[in-house]
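Secondary and tertiary structure notes
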Amino acid sequence: MTAEADLSVFEQLDLPDTSLTRDTFVFAAQATPAFIHDHCVRSYVFARAHARNKGLRAGTDYDDELLFVACVLHDLGLSEEGSNGDERFEVEGADIAAAFLREHGVEEERVAVAWDAIALHTSEGIASRKGTEVALAHLGIATDILGIQRESLPAGLADEVHALLPRRDLAHGFSDLIITQGVAKPQKASPTTFIGDLVRRHLPYGAYPTWYDLIDAAGWGDKPVGVTARRRAETPQQVGALYMEYLEAGDVEGLVSLYEPNAHFVPTPGNHLVGTDAIRTAMQQMVDSGARLKLEPREIRQVDDVALVSNIATLTGAGPEPLVTTTTEILRRQPGGGWVHVVDDPFFS
């Protein structure tokens, strides 16, 4: 379908119909893939619905034409022109949009608002504190990508819009475009942004720094304090050594620190615990019983930041006789670099 044919959606969705909005619609349709363009139009429709839900009136409380322009142009950074630049896609898109609006004689004050709306459209907690058009654009876009406040939309609106502008697996297609850009030009994907997080997941393990890697590389020699100060297992092999040390010292919180918040732990056959609170209770019971544990490494298989570990475990003090088991443990390297349990089952085998 051509961009000109697509103009029928102006009537079908009652879009703001001006020469600027029509030129904006066609420009974006020619610059970006159809599934991105449809997302941008849906974002405006959802933004307008949120405005009405908040009691905001077009032309009085916000500039409806400007809101439409900002929404429809917000993903120009994912166009071929946006891919050629070195800035993150939101900023590239804002610059392209600003140039387009200036060519169409839009006042600098309005251009600045559109630039902010586009450059900040992924900046949660910032865009919502800017002007009304910026905040509404951010909310409409977030609704279409992540379903934020979708429950506030009028009944049937989403179905109506999706029938006219199908999603085409938008969120994943959008992510693929960002990853393609970031892999080709790492400078577009700062490690401290969600873009960097997406790219990191599609590169070899360790190829892209985490926040803690950046801290370590800063050169200031900062050391962990507070919640990050406890010793961490730098390798999967060290988890067992710390486990034995903490148990002997009666350090319940140290033991708990060797598990992810939603980890699974099986302290006795058939007793499957999930989460920090349940694991803390089990560790307290072990400490109170005077139990001691000896772990003898049996097998370790590591793939990137996940490791499968098996130990010969000998537990004494918790019962009249020593208990010997073969453990099955899944460990995961954390953003801070330490290894902890995701699954700890001494009875799996």
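Not measured: the values here are computed from a predicted model.

What counts and how
- Residues numbered from 1 in each chain as written.
- Predicted model: local features only at pLDDT ≥ 70, side-chain atom pairs only at ≥ 80, totals over all residues.
- Heavy atoms only, no water.
- Helix = DSSP H or I, 4+ residues; strand = E, 2+ residues; numbered from the N terminus.
- Rg over C-alpha atoms; globule rule 2.2 N^0.38 Å.
- Buried < 20%, exposed > 50% of the residue type's maximum accessible area, 1.4 Å probe, protein only.
- Contact = heavy atoms within 4.5 Å.
- Lys, Arg positive; Asp, Glu negative; His and termini not counted.
- Charge placed at Lys NZ, Arg CZ, Asp CG, Glu CD.
- Pairing = 2+ DSSP bridges.
- Expected span 1.5 Å × (residues − 1).
- Salt bridge = Lys/Arg side-chain N within 4 Å of Asp/Glu carboxyl O.
- Core = buried A, V, L, I, M, F, W, Y, C linked by side-chain atoms within 4.5 Å.
- Axes fitted to C-alpha atoms, helices over the stretch in contact; angles between N-to-C directions.
- Parallel < 35°, antiparallel > 145°, perpendicular 65-115°, else oblique.
- Left-handed = near helix turned anticlockwise from the far one by under 90°.
- Nonpolar A, V, L, I, M, F, W, Y, C, P; charged D, E, K, R; others polar.
- Phe/Tyr/Trp six-rings, centres within 6.5 Å; stacked < 30°, edge-to-face > 60°.
- Lys NZ or Arg CZ within 6 Å of the ring centre and 35° of its normal.

Take the overall build of the protein next. When helices and strands are tallied, the protein shows 16 helices and seven strands. For the protein, the C-alpha radius of gyration of 27 Å lies well beyond 20 Å, the compact-globule estimate for 349 residues. Structurally, the protein occupies a C-alpha span of about 85 × 45 × 35 Å along its principal axes. Residues counted as buried form 44% of the 349 residues belonging to the protein. Counted over contacts in the protein with a minimum sequence separation of 6, partners at least 24 positions apart contribute 55%. Taken as two groups, the 29 positive and 52 negative side-chain charges of the protein have centres that lie 4 Å from each other.

Strand direction decides the pairing type here: strand 4 (residues 306-316) and strand 6 (residues 328-333), joined by four bridges, are antiparallel. Across the sheet, residue alanine 307 finds its bridge partner in strand 6, namely leucine 331. Direction of pairing for strand 6 relative to strand 7 (residues 339-345): antiparallel, over a ladder of six bridges. Along strand 7, the bridge assignment pairs threonine 328 with aspartate 345.

The end-to-end C-alpha separation of helix 11 (residues 170-184) is 21 Å, in line with the 21 Å expected for 15 residues at 1.5 Å each. Listing the buried residues of helix 11 in full gives Leu170, Gly173, Phe174, Ser175, Ile178, Ile179, Gln181 and Gly182.

This part takes up the pattern of salt bridges. Considering all chains together, one arrives at 20 salt bridges under this definition. Arginine 168 is the salt-bridge partner of aspartate 38, the closest N and O atoms lying 2.7 Å from each other. Note that aspartate 38 is positioned in helix 4 (residues 34-53) and arginine 168 in the loop between helix 10 (157-164) and helix 11, a separation of 130 residues in sequence. The buried category is assigned to aspartate 38, whose relative accessible area is 9%.

On to the nonpolar core, then. Membership of the largest hydrophobic core comes to 47 residues, with the highest contact counts inside it found for Leu15, Leu67, Leu73 and Leu101. Of all elements in the fold, only helix 2 (9-12), helix 3 (19-31), helix 4, helix 5 (64-73), helix 7 (89-103), helix 8 (108-119), helix 9 (132-146) and helix 10 reach the threshold of two or more residues within this core. Among the elements that take part in this core, helix 5 stands out by supplying eight residues, more than any other. Non-local contacts of leucine 101, meaning those with residues more than four positions away in its chain, are made with Leu20, Val69, Leu73, Val106, Val111 and Ala114. With 27 residues, the next largest nonpolar core counts Ile279, Leu295, Val309 and Leu331 among its residues.

As for its position among the elements, aspartate 344 is in strand 7. Lacking a salt bridge, the buried aspartate 344 has arginine 298 as its closest oppositely charged neighbour, with an N-O distance of 13 Å. Not counting chain neighbours up to four residues away, the residues in contact with aspartate 344 comprise Tyr243, Tyr259, His264, Phe265, Val266, Thr328 and Glu329.

All right, on to the packing of helix 3 against helix 7 then. When two helices pack together, their arrangement is given by the angle between the helix axes and by the axis-to-axis distance. Two elements in contact, helix 3 and helix 7, have axes whose closest approach is 12 Å; the angle formed by their N-to-C orientations is 140°. As summarised for this structure, helix 3 and helix 7 are arranged oblique, according to the angle between their axes. Seen from above, helix 3 lies across helix 7 with right-handed handedness. Within the contact between the two elements, helix 3 uses Leu20, Asp23, Thr24 and Phe27 and helix 7 uses Ile96, Phe100 and Leu101. Of the residues belonging to the contact of helix 3 with helix 7, the class tally is five nonpolar, one polar and one charged.

We now examine the packing of aromatic side chains. In total, this model carries seven aromatic pairs according to the counting rule given. Seen in terms of ring centroids, phenylalanine 10 and phenylalanine 68 are 5.8 Å apart; in terms of plane orientation they differ by 50°. Their pairing is tilted. Taken together, the residues span a long stretch of sequence, with phenylalanine 10 in helix 2 and phenylalanine 68 in helix 5 at a distance of 58 residues. Cation over ring: arginine 22 sits above phenylalanine 10, and NZ or CZ is 4.8 Å from the ring centre.

The subject of this paragraph is unusual backbone geometry. Residues other than glycine seldom take positive phi values, yet glutamine 149 does so here, at roughly 60°. Residue position: glutamine 149 is located in the loop between helix 9 and helix 10. The phi torsion at arginine 168 lies on the positive side, around 55°, for a residue other than glycine. The class of arginine 168 is partly exposed, set by a relative accessible area of 46%.

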